[in-house]
Amino acid sequence: MEERRRRLVEDLKDSIEGELRVDRAAVAAYSTDASLYEIEPLAVAFPRRTRDVEVLAAYSADNNIPLIARGAGSGIAGGAIGSGIVIDFSRHMNQIVSISEDRVRVQPGVVRERLNEQLREHGRYFAPDPSNGRITTVGGMLGVDGAGSHAVRVGSARDHVETIECVLSGGQRLELGRELLAGRDTNSDAVSLNRDSAVILSESPQSDSLRLSTMTATTRRTLLLQQLEQILRENDQLIRELQPPLLRNSCGYRLRGILQDNKIDVGRMLVGSEGTLGLFTEATLFTTPLPRNRSAAILMFGSLEGAIQAMQLILPLEPSACDLLDRRLLSLGRGADRRFHDIILPDAEAGLIIEFSGLNEREVLQRLDDMQRLLNDRRIDFQLTRQASSYDDVELLWALPGKVVSLLASLKGNSRPLPFVEDVAVPPERLAEFLPVAQRVFQRHEVTATLYAHAASGQLHFRPIMPIPSRGDATVMEAIARDLYRKVRDFGGTISGEHGDGLSRTAFIRTQYGALYRVFQQIKEVFDPQKLMNPDKTISNDPSLTVRYLRRTRPMADEVTGVQSTPLLPVMQLAWTVEEATDAAVRCNGCGTCRTQVSPQRMCPFVEENGDEEVSPRAKANVVRNSLCTNSVQELLAQDDTSRLLASCFNCKQCQLDCPSEVNIPHLLIEARAQHVQAHGLSNTAWLLSRVHTYAKMASRVSFVTNRLLNNSIFRRILQRILGISAKRRLPRFTRTLFLESQRVLRNQNSGAPGSNKPTVVYFVDYFANHHDPELGEAFVRVLEHNGYRVFIPPGQTVSGMAMFSNGDLAGARTLAEQNIRELIEPAREGYAIVCTEPTAALCLTQEYPMLVRNDDAGIIAQQTTDAGSFLADLHRRGLLKRDFSPLPMRVAFHTPCHVKALRNGTPMLELLALIPELKVLTIEKGCTGMAGTFGIAAANFQKSIEIGAGLIREMQTVDANIGVTDCSSCRMQMEQAATIPTIHPIKLLALSYGLMPRLSERLKSRPGGLVMS
Ligand SMILES: Cc1cc2nc3c(=O)[nH]c(=O)nc-3n(C[C@H](O)[C@H](O)[C@H](O)COP(=O)(O)OP(=O)(O)OC[C@H]3O[C@@H](n4cnc5c(N)ncnc54)[C@H](O)[C@@H]3O)c2cc1C
Ligand code: SF4
Ligand code: SF4
């Protein structure tokens, strides 16, 4: 394998403009998609232009190497993985080429939602609406004939395609649409073609050889159309008989209706071919005017049967969409999003979302009324909990299915709703009859299945709840599929409605279509005689495909003895077992939510910057899972590319918030980094920066000198050369007296002993307030005392150790954690709250210490710890916070740190600042600042940190505000990096407004400048 990879790179590196990757990290990242499967590719290619794709297709044909087209890899059936070269179109070939009145020309990698953002400006959109439109690429939608809730009104991807530019096996590029056949003689082998819509785009040099790659595009087109026409004419009857005229059907190749008199709609036929006939490099799509005059409603039912009965009555009213959600989906939606809380009744067993469209608003409202009247007349027991007619309100209702489908994977326990029979469709009028039959199949196999249905188009998404299968133990999956698909066929339905066949269903196409399968084989032969385009999808002779390539979800067993081999990581660095770490990694189902750049959430800063799959949280989970299950961590860690992957995470934890499965990517990466550190040691800079507290004490003693030196560019250049601390980073000034050495801490009254009738709070100070901002410590203590608290500041506490933890220096971090646990455990046992002004410290004590030190003490401390904002906001919510704030007439620019978000207590500081009269708070929503503790201080990361934080840095330079405000010291550094206004901790504003520290008003005037902060 390695030799083949080496040769591949050698052969192709100078022939394509894009990149070609064969390293362990890349192939592991691309070995899965959103399906249950895993196949390691030979290589991953990122073409920059169509020419690259032509070269790859010619090379593939000459060297017998399979090609697998890939968009976002969000396909559920396993269509975007394979053993050859995976071609990722999403990285570079993602442009909108042109927009005209009613059409758009796109490259395949463009994300559906990005396309629609652009089209919206023209009052139009690309109408097929898969629920994951923020993730899926147009190429992927064309690959599987994607569709969504509104398929009954707007159709699927194939209904919106004019032409597709397609690179065939061999490298010929053809533009294919509705091809006109002129002078046809059906009895003759030679069909002459009028290529009025057939533009010959590329001409490969002709040679005498019979190799596919030597054929010209003209010859290839002529042959292709001749053979296609012949196949379609000869099998016309068979196609009509065996390919059901369903609204939704992406099983096999679409042949029905493709040949019409003297035309073949090749473009339409290519849609849904899952990359098995050719590689789409551009497409011209029809756009549709934005929907107007829509009205939607959500209905709740006490039983699934009631909802099915209602659905059956509603379908003849011709709704433009009618989706059915079962109890599990509804309760997931209710729990996940406050906006759905009121519209989903807690005891609902099923729900329907129905939409009507019409010529005007009156008509659509009338249609909704008619529907309700009908249901009432038939005595259906339902409750309409929300009706919507404005664009935003209707979209909100449709956001519900999108949200809950991804959340299905978050169901806790060993069993998950598995997607392998998740795409059947039957004629809509037979849906009510089919559902109990399907339920009986599941009962027979003793499983329950979740149900989500696009009822109006007969599409049913079942997911049986079963233990996650691993290679070799999943025959029950095949049995369920076989039984269910038999019933589907009896009902005149299809086994793949909109997700395609992939590895899940290809083995069943033969049974679905009988003799028609032979025709599919002929079609494949015409386009791809060497069977190199996405092999084993749609066309395959492997009867066990459904279970052959299931993902590895456990450490590998010895192939000969069947005994579990030595675990990959003999000594886990965090406090978890190999199995626990593997389970954490296996929770990633590959949905791709974490790779979207069109997200309302704050997402992984590394993905946000360039959208690369290899730095996505999904790729990270994949690489770690792969190495855990194949016992190959050492091999993996030895590679440079893996180090790059490890470097693309700084433990900000945003992925965990966004991920529907809440995969613990940060700890998986910390584990991998710790293994790396164990094997290779820490870099000098990481070692020094994570131990800054040890020499900061000395720097403080001579702060007058230190602070001058920090602002001296020559000294800073020396510092950069020796210690790797960026010479360009504005650094904080050192304080002369550390907070933990101040009278406030050293005096006798600072005691944790009970004895006062005031409630007691323990203050955990951490590095920044202690060495650079003791005023913050003082302000916090005064705010608490003002509110009737006694504050105990354990004098023996040290820094939290988050810098060491994030750098993978777990031995160092553990020593600090143990010291802090010793200091904090007694007051924690007394039940005192431990409060941190640094959100990162709160996160470290609550989430990282239990992973460093597995004992009860770490757990008790985690339970008692909170951040200052949450503590005070909670007091406020309970009416216990004093409100004697004086006005602060100024404007402040507020940034919420990632670690505050990770604490999952909302934005408490914003709530508190809102209490200060005349304070105008402008919130900055520019994502992660890119500082991430010591990350942005290191010279090696400085540029990356600035790039990630660019939006925020710009905002701080231009915002019309007197100061910046944030509770994270690290974010504060980035906010002051290029700003002319200072940034301060919000607690100081509270103290100032309470009138507790008037001198703080001076801080508002100090300015960052040169190489030091304000
Ligand atoms: C949570 C979730 C919800 C979903 N909801 C829906 C839904 O509502 N409706 C729906 O239809 N699907 C849905 N899907 C399935 C999936 O997202 C769609 O099938 C999607 O269209 C795939 O797009 P992609 O860019 O991820 O393609 P990929 O998964 O990368 O590829 C899909 C197929 O298309 C082929 N392909 C990709 N690019 C090209 C190209 N340039 N040329 C030729 N072939 C190509 C691939 O080889 C593969 O066979 C959902 C998936 C998830 C995880
Ligand atoms: S990490 Fe989460 S969001 Fe990303 S692909 Fe995996 S499950 Fe989906
Ligand atoms: S912790 Fe942050 S940097 Fe790391 S993968 Fe998650 S979002 Fe990306």
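Scoring rules and cut-offs
- Residues numbered from 1 in each chain as written.
- Chains lettered and ligands numbered in written order.
- Predicted model: local features only at pLDDT ≥ 70, side-chain atom pairs only at ≥ 80, totals over all residues.
- Heavy atoms only, no water.
- Phe/Tyr/Trp six-rings, centres within 6.5 Å; stacked < 30°, edge-to-face > 60°.
- Helix = DSSP H or I, 4+ residues; strand = E, 2+ residues; numbered from the N terminus.
- Buried < 20%, exposed > 50% of the residue type's maximum accessible area, 1.4 Å probe, protein only.
- Near = heavy atom within 4 Å.
- Polar contact = N/O pair within 3.5 Å; in protein donor to acceptor, adjacent residues only side chain to side chain.
- Areas by Shrake-Rupley, 256 points an atom, 1.4 Å probe, with all protein chains shown as cover.
- Nonpolar A, V, L, I, M, F, W, Y, C, P; charged D, E, K, R; others polar.
- Salt bridge = Lys/Arg side-chain N within 4 Å of Asp/Glu carboxyl O.

Student: Which parts of the structure should I look at to understand the packing of aromatic side chains?
Tutor: We describe a pair of aromatic rings using the distance from one ring centre to the other and the angle between the two ring planes. In this structure the tally under the stated criterion is 15 aromatic pairs. Relative to Phe-520, the ring of Tyr-253 lies with its centre 5.6 Å away and its plane at 80 degrees, an arrangement referred to as edge-to-face. Taken together, the residues Tyr-253 in the loop between helix H8 (236-242) and strand E11 (259-260) and Phe-520 in helix H18 (residues 516-527) connect sequence positions 267 residues apart. Across the pair, exposure class does not vary: Tyr-253 and Phe-520 are buried alike. Note on Phe-434 and Phe-491: the rings are 5.1 Å apart at their centroids and 75 degrees apart in plane angle, and the pair reads as edge-to-face. Linking Phe-434 in helix H15 (residues 431-444) with Phe-491 in the loop between helix H16 (475-490) and helix H17 (502-513), this pair joins segments that are 57 residues apart in sequence. Each member of the pair, Phe-434 together with Phe-491, is buried. Three or more aromatic residues joined by ring pairs form one cluster here, namely Tyr-253, Tyr-513, Tyr-517 and Phe-520.

Student: Explain the site of ligand 1 here, please?
Tutor: Around ligand 1, a shell composed of 35 residues is seen, among which Ala-69, Ser-74, Asn-132, Thr-137 and Ala-147 lie nearest. Note that an oxygen atom of ligand 1 is positioned 3.2 Å from one of the backbone N or O atoms of Gly-79. One nitrogen or oxygen atom from the side chain of Thr-137 is found 2.6 Å from an oxygen atom belonging to ligand 1. Starting from 960 Å² of accessible surface for ligand 1 in isolation, the protein chains cover 97%. Counting residues per element, the ones that place at least two in the shell around ligand 1 are strand E3 (67-70), helix H5 (138-144) and strand E13 (279-286). Considered class by class, the residues forming the shell around ligand 1 number 15 nonpolar, 17 polar and three charged.

Student: Could you clarify how one ought to interpret the pattern of salt bridges in this entry?
Tutor: Two side chains that carry opposite charge are able to pair once their charged atoms sit near each other. Throughout the structure, instances matching the rule amount to 68 salt bridges. Close ionic contact of Glu-175 with Arg-105 constitutes a salt bridge, the shortest N to O distance being 2.7 Å. Here Glu-175 is found in strand E9 (residues 173-176), whereas its partner Arg-105 is found in strand E6 (residues 103-106), with 70 residues between them in sequence. Here Glu-175 and Arg-105 have matching classes, each one buried. Here Glu-741 ties to Lys-697 by a salt bridge, and the two come within 3.7 Å at their closest N and O atoms. With a gap of 44 residues between them, Glu-741 in the loop between helix H30 (713-723) and helix H31 (743-746) and Lys-697 in helix H28 (residues 692-701) connect regions that are remote in the sequence. One salt-bridge network, held together by shared partners, links Glu-19, Arg-21, Asp-23, Arg-48, Arg-91, Asp-612 and Glu-614.

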